[in-house]
Amino acid sequence: MNILYQGHASLRLTTSLGTVVYIDPCAGEGYEAPADIILVTHFHCDHSMVEKPARKPDCFILSSRDMLVNDVYKTVMVRDVRIEAVPAYNRNHRRSESVGYLVFADGVKCYFSGDTSRIPEMAELRERELDYAFFASDG
């Protein structure tokens with residue numbers, strides 16, 4: 001898996017099979033590779049510029065509204081990428097409107113926090129033996 005950090009909470013992943021995943025598109029450059037999947041952790045403008053990346057005609061856009069339904073965190077498989085929504089919240093981001101993501105591809109396990117404080121549910125992530133953890137940055 002190739003991971004491009006674009007700034008703030010924005011990243012682009014490309015799997016060995018060529019699947020392109022954008023997470024919280026907003027900051028930086030590198031949006032020319034057409035997206036297969038766009039993940040949005042919540043709907044603040046610095047995390048949800050889904051129009052910024054180029055997109056394939058069959059691009060999947062998944063957001064907290066799709067991945068957190070009736071207090072149930074969803075897991076989906078899109079092409080060669082497994083995506084799990086996990087809790088993410090703080091005083092400015094309601095638990096019912098925000099998610100983080102666990103993304104699994106090419107044998108690599110990644111956590112993308114979105115905007116969250118240190119929350120009790122993070123303790124469970126240790127058991128997942130993650131390879132990488134990405135946290136939103138203000139810089």
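Computed from a predicted model, the values in this text were never measured in an experiment. (Residues numbered from 1 in each chain as written. Predicted model: local features only at pLDDT ≥ 70, side-chain atom pairs only at ≥ 80, totals over all residues. Heavy atoms only, no water.)

## Examining the overall build of the protein chain
Right, on to step 1. Across its full length, the protein chain holds one helix and 12 strands.
Right, on to step 2. Overall, the protein chain shows an N-to-C arrangement of helices and strands of β-β-β-β-β-α-β-β-β-β-β-β-β.
Right, on to step 3. Taken over C-alpha atoms, the radius of gyration comes to 14 Å for the protein chain, in line with the 14 Å a tight globule of 139 residues would show.
Right, on to step 4. Scored against the burial criterion, the 139 residues of the protein chain give a buried share of 50%.
Right, on to step 5. In the protein chain, once contacts between residues fewer than 6 apart in sequence are set aside, the share between residues at least 24 apart is 37%.
Right, on to step 6. When the accessible area of the protein chain is evaluated, it comes to approximately 7,200 Å², of which 50% is carbon and sulfur surface.
Right, on to step 7. Side chains of the protein chain give 15 positive and 20 negative charges; the mean places of these two sets differ by 2 Å. (Helix = DSSP H or I, 4+ residues; strand = E, 2+ residues; numbered from the N terminus. Rg over C-alpha atoms; globule rule 2.2 N^0.38 Å. Buried < 20%, exposed > 50% of the residue type's maximum accessible area, 1.4 Å probe, protein only. Contact = heavy atoms within 4.5 Å. Areas by Shrake-Rupley, 256 points an atom, 1.4 Å probe, with all protein chains shown as cover. Lys, Arg positive; Asp, Glu negative; His and termini not counted. Charge placed at Lys NZ, Arg CZ, Asp CG, Glu CD.)

## Considering the packing of aromatic side chains
Right, on to step 1. Taken as a whole, this structure holds four aromatic pairs when the rule is applied.
Right, on to step 2. Aromatic ring contacts, followed pair by pair, group Phe 112, Tyr 132 and Phe 134 into a single cluster. (Phe/Tyr/Trp six-rings, centres within 6.5 Å; stacked < 30°, edge-to-face > 60°.)

## Quick notes on the pairing of strand β9 (residues 81-87)
Right, on to step 1. Summarising burial for β9: six of the seven residues are buried, a large majority.
Right, on to step 2. Here strand β8 (residues 75-78) pairs with β9 via four bridges, running antiparallel. Following the sheet pairing, Thr 75 is matched in β9 by Glu 84.
Right, on to step 3. Hairpin geometry of β8 and β9 is characterised by an intervening segment of two residues between the two adjacent antiparallel strands and by a positive phi of about 55° at Arg 79. (Pairing = 2+ DSSP bridges.)

## Some words on the pairing of strand β1 (residues 2-7)
Right, on to step 1. Strand direction decides the pairing type here: β1 and strand β2 (residues 10-14), joined by five bridges, are antiparallel. Counterpart to Gly 7 in the pairing with β2 is Ser 10.

## Side note on the side chain of Ser 63
Right, on to step 1. Its place among the elements puts Ser 63 in strand β5 (residues 55-63).
Right, on to step 2. Excluding residues that lie within four positions of it along the chain, Ser 63 makes contacts with Val 40, Phe 43 and Tyr 101.

## A few points about the confidence of the model for the protein chain
Right, on to step 1. For the protein chain, per-residue confidence averages 90 on the pLDDT scale, and residues scoring 70 or more make up 96% of the total.
Right, on to step 2. Between the elements of the protein chain, mean pLDDT differs from a low of 91, seen in strand β12 (residues 132-134), to a high of 98, seen in β8. (pLDDT = per-residue confidence, 0-100.)

## Concerning unusual backbone geometry
Right, on to step 1. Positive phi values are uncommon outside glycine, yet His 8 reaches one of about 50°.
Right, on to step 2. Structurally, His 8 is set in the loop between β1 and β2.
Right, on to step 3. The class of His 8 is buried, set by a relative accessible area of 14%.
Right, on to step 4. The phi angle at Arg 79 is positive, at roughly 55°, despite the residue not being glycine.
Right, on to step 5. Checked against the element boundaries, Arg 79 lands in the loop between β8 and β9.

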